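What follows is each chain in one-letter form.
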Amino acid sequence: MCNDQPQVDTRTEKEKAIDEWLPVTSSRNAKWWYAAFHNVTAMVGAGVLSLPSAMANLGWGPGVTILILSWVITLYTLWQMVEMHEMVPGKRFDRYHELGQHAFGDKLGLYVVVPQQLICEVGVDIVYMVTGGKSLKKFHDLVCTDCKDIKLTFFIMIFASAHFVLSHLPNFNSISGLSLAAAVMSLSYSTIAWAASVHKGVQKDVHYGNPNTTTPGKVFGFFNALGDVAFAYAGHNVVLEIQATIPSTPERPSKVPMWRGVLVAYIVVALCYFPVAIIGFWMFGNQVQDNILISLEKPTWLIAMANMFVVVHVIGSYQIYAMPVFDMIETLLVKKLRFKPSWMLRFASRNIYVAFTMFIAITFPFFGALLGFFGGFAFAPTTFFLPCIMWLAIYKPKRFGLSWCANWESNKEAGVASKSWDTASSPERVRNFDTRTEKEKAIDEWLPITSSRNAKWWYAAFHNVTAMVGAGVLSLPNAMANLGWGPGVIILILSWVITLYTLWQMVEMHEMVPGKRFDRYHELGQHAFGEKLGLYIVVPQQLICEVGVDIVYMVTGGKSLQKFHNLVCPDCKDIKLTFFIMIFASAHFVLSHLPSFNSISGLSLAAAVMSLSYSTIAWTASVHKGVQKDVQYGNPNTTTPGKVFGFFNALGDVAFAYAGHNVVLEIQATIPSTPEKPSKVPMWRGVMVAYIVVAFCYFPVAIFGFWMFGNQVEDNILLSLAKPTWLIAMANLFVVVHVLGSYQIYAMPVFDMIETLLVKKLHFKPSWMLRFVSRNIYVAFTMFIGMTFPFFGALLGFFGGFAFAPTTFFLPCIIWLAIYKPKRFGLSWFANWICIILGLLLMIFSAIGGLRGIIKDASTYKFYS
């Protein structure tokens, strides 16, 4: 944060001279690409070589999940640090501890930050001493197989000898060439590591179970692996010091080039980490070494070269982490102990530091254990959560806001909405006049969405649970079977995170214009794209989504009723599914005449409770049933087209599971709102509660269902469960109650559209007869389509891709970009475009898979069977 006021330098000439001598503040002419390769060098190092071993101790699902979450969380916390570097006008926090002092006070800030940062940076340098020595030894043993064996101690000393010279380079910019070479080497040896693993192929009798045989071994192995992952994301400890080397003015603050460099660095990090971790574990299984290069023997020349690349890289990385330590030592000597700045002082202090790290490395060369220890004890705080604590301490975001829950996305952009209310809250500046006629007011009070405004935050909670948790959760184990452990867990987590983010966007945009509420999805679209274009973009997608859900819930309700009937009356005559769908529909011919959202609150609450209940029954009954005999986790399809289209259809299943966005503005419209107490506050609270419930429903069902039944799981998990009979029967009945409520949640916006068209456009008189006829026709239509095409799994995939992916995953992002116009390459711009790209891919692939499933099922299906 910079302002346009002139910055007065109050330092004395002596203080200026000291600052120009100290390593961190002596040079300010770096470019954004310096930040890129400095960050790559700081992050990608010894950690990447231990990731396959970490995966072995974590397992496929947790391992992939932790890798992705670590990448996302650390990118976010790194962005926070880049933003906070210049938050005070005219001042730069050039060192981590200076930011800590600003957040916590001069003394407490030092006590909190400095010990952790020192442990982290000195710990890295010790580990890199070990890594450099081991890699040199490996190189020697490969190129000279007949030579006499030399102790690791001597190789560590050889590696350290380079640093007795290089450590006298004065500052960050002076090691730029070394850092660039190190960054190139890191990408090179990471590529060699996974490419050589692929070349070596999956090993004979490979196993992916935990390498430890005892329970304590498994537990502590898991904990140590978490430390390995934490170690792999350690760049935060030097990020402020790197940013300090970039020039900054109020017009061109350093955070712009720094963030660009960080993004490039994180892309390189992903290209290094994920292939090495996943492919390394895939090829060697639980027998992989804690340094993947040690597991590789051939081709000899390539592995030897990779080890030499490691040596070059850790030489540069050692210097990156040593430079802030040199700065601390020299600041202490010169500013506190009053030594005169000189080359002799620097020569003595830096050589002592290098000798110290060398001695510790020689004494304790436990590479894997060191990674785990330092990773958990120092890197996790300084990388994962200390920036968040500082952010909360400095910015003090509102409780239960996005900022408070996941730490805050750009206040400058999201603040537009709050500023709008600030303006509206002053009657002297803005007055909101209601220009509607009495007739128009009467129509709005009659229409379902705008007829009631007295809902509480907990209404929003169970409305959102009812809207989201439904038929989708029952298909998730089958989706996991088609996706596989790794991709399945990744897609589930990414979907949860992305859709929570896009739902937050919609809640924020509900009242972005002073005195106006966007009570319907298409009204928000019209504000973003124009009156006509907004309708053309939003209404078809929203209608396909909401009507599609209701059709699928007709099928789900009928199937669950049929399953309940067959369980409680196994000797009864078989009844066609068609009749059960008609029985289920009969309830809606009554319930559909409840006038508005608030009038279905009791039904929605019951449905929300049922969704949590039958989800719990689904996964607990699966666990009770246990892992099935001869269970297999490979793809259930035997042909390549089957595998590809099955994967695509599974993407649609996941998209279908997160469909609540299509009714979120309509739900928020039922909450009262004033400039002082906008509806977004209780709405967001309800959304957070709902998403916690969603997590408790989705993840256990998906993971346990697939774990127990493998690739033979049905597209509705309850169909795979047969015993205990009474419990499965009850679960199916719970499903029926839930989809009764969920059908009404999705039908209400459709009723609103139909009645708005009839009354406002076609000028019908608002009446109970109009409502009776229109709503009954809608229920009959969804019943007829559900009876005709009851392809449950394929319908999920098709509608999930074709309608839910746009309205849930990326349309809110497009609207956000169109309205707020965030800066290019900023966090908001980058996050929204990532969501848009992923959402587009999801839409295309899952729609293809779902359509193929419908065609395949239709070829063997008899109508009204």
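Residues numbered from 1 in each chain as written. Predicted model: local features only at pLDDT ≥ 70, side-chain atom pairs only at ≥ 80, totals over all residues. Heavy atoms only, no water.

As recorded in an unreviewed UniProt entry, the chain goes by Amino acid transporter transmembrane domain-containing protein and comes from Rhododendron simsii. Quoted verbatim from the Sequence similarities (unreviewed entry) field of the UniProt record, the comment on the chain reads "Belongs to the amino acid/polyamine transporter 2 family. Amino acid/auxin permease (AAAP) (TC 2.A.18.2) subfamily." Listed under Subcellular location (unreviewed entry) in UniProt, the entry text for the chain is "Cell membrane". (UniProt positions renumbered as here; feature names shortened; annotations may be inferred.)

Chemist: An account of the overall build of the chain is needed here, citing residue identities and associated values.
Modeler: Scanning the chain from N- to C-terminus turns up 33 helices and zero strands. For the chain, the proportion of its 865 residues judged to be buried stands at 58%. A separation threshold of at least 6 residues defines the contact pool for the chain, and within that pool the share at least 24 residues apart is 85%. With an accessible surface of roughly 35,200 Å², the chain has 68% of that area assigned to carbon and sulfur atoms. (Helix = DSSP H or I, 4+ residues; strand = E, 2+ residues; numbered from the N terminus. Buried < 20%, exposed > 50% of the residue type's maximum accessible area, 1.4 Å probe, protein only. Contact = heavy atoms within 4.5 Å. Areas by Shrake-Rupley, 256 points an atom, 1.4 Å probe, with all protein chains shown as cover.)

Chemist: Please set out a nonpolar patch on the surface residue by residue, giving values where relevant.
Modeler: Nonpolar side chains collect at one region of the surface, where W833, I834, I837, L838, L841, I844, F845 and I848 lie side by side and expose about 650 Å² of accessible area between them. Counting through the fold element by element, L841 comes out in helix α33 (residues 827-858). When its relative accessible area of 38% is taken as the criterion, L841 is described as partly exposed. (Patch = residues over 30% accessible without salt bridge, like charges linked within 9 Å, V, L, I, M, F, W, Y side chains within 5 Å. Salt bridge = Lys/Arg side-chain N within 4 Å of Asp/Glu carboxyl O.)

Chemist: A description of the packing of helix α21 (residues 485-509) against helix α26 (residues 640-657) should follow, citing residues and the corresponding values.
Modeler: Look at α21 against α26: their axes get within 11 Å of each other, and the N-to-C directions meet at 30 degrees. Relative to α26, α21 is oriented roughly parallel. The interaxial crossing formed by α21 with α26 has right-handed handedness. Each of P487, I491 and S495 in α21 lies in contact with α26, whose residues at this interface are F647, L651 and V654. Within the contact of α21 with α26, the residues separate by chemical class into five nonpolar, one polar and no charged. (Axes fitted to C-alpha atoms, helices over the stretch in contact; angles between N-to-C directions. Parallel < 35°, antiparallel > 145°, perpendicular 65-115°, else oblique. Left-handed = near helix turned anticlockwise from the far one by under 90°. Nonpolar A, V, L, I, M, F, W, Y, C, P; charged D, E, K, R; others polar.)

Chemist: Pulling in residues and values, what's your account of helix α24 (residues 577-591)?
Modeler: Along its 15 residues, α24 runs 22 Å from first to last C-alpha, staying within 8% of the 21 Å computed at 1.5 Å per residue. Taken residue by residue, α24 has L577, T578, F580, I581, F584, A585 and H588 as its buried positions. Buried positions in α24, seen along its axis, are confined to an arc of 160 degrees and lie on one side of it. Those residues of α24 hidden inside the fold are in contact with α23 (531-568), α30 (725-761) and α31 (768-788). (Expected span 1.5 Å × (residues − 1). Arc of directions from axis to C-beta.)

Chemist: Outline the pattern of salt bridges, listing residues and values.
Modeler: Counted by the stated rule, this structure contains 16 salt bridges. Where R95 meets E98, a salt bridge forms, and the shortest distance between an N and an O atom there is 2.9 Å. In this structure E98 comes out as buried when scored by relative accessible area, which is 17%. For E330, the salt bridge is made with R350, and the minimal N-O distance between the two is 2.8 Å. Of this pair, E330 sits in helix α13 (residues 300-336) while R350 sits in helix α14 (residues 343-363), placing them 20 residues apart in sequence. For the pair E330 and R350, a shared accessibility class is recorded, and that class is buried. One connected set of salt bridges, linked through shared partners, spans R95, E98 and D327.

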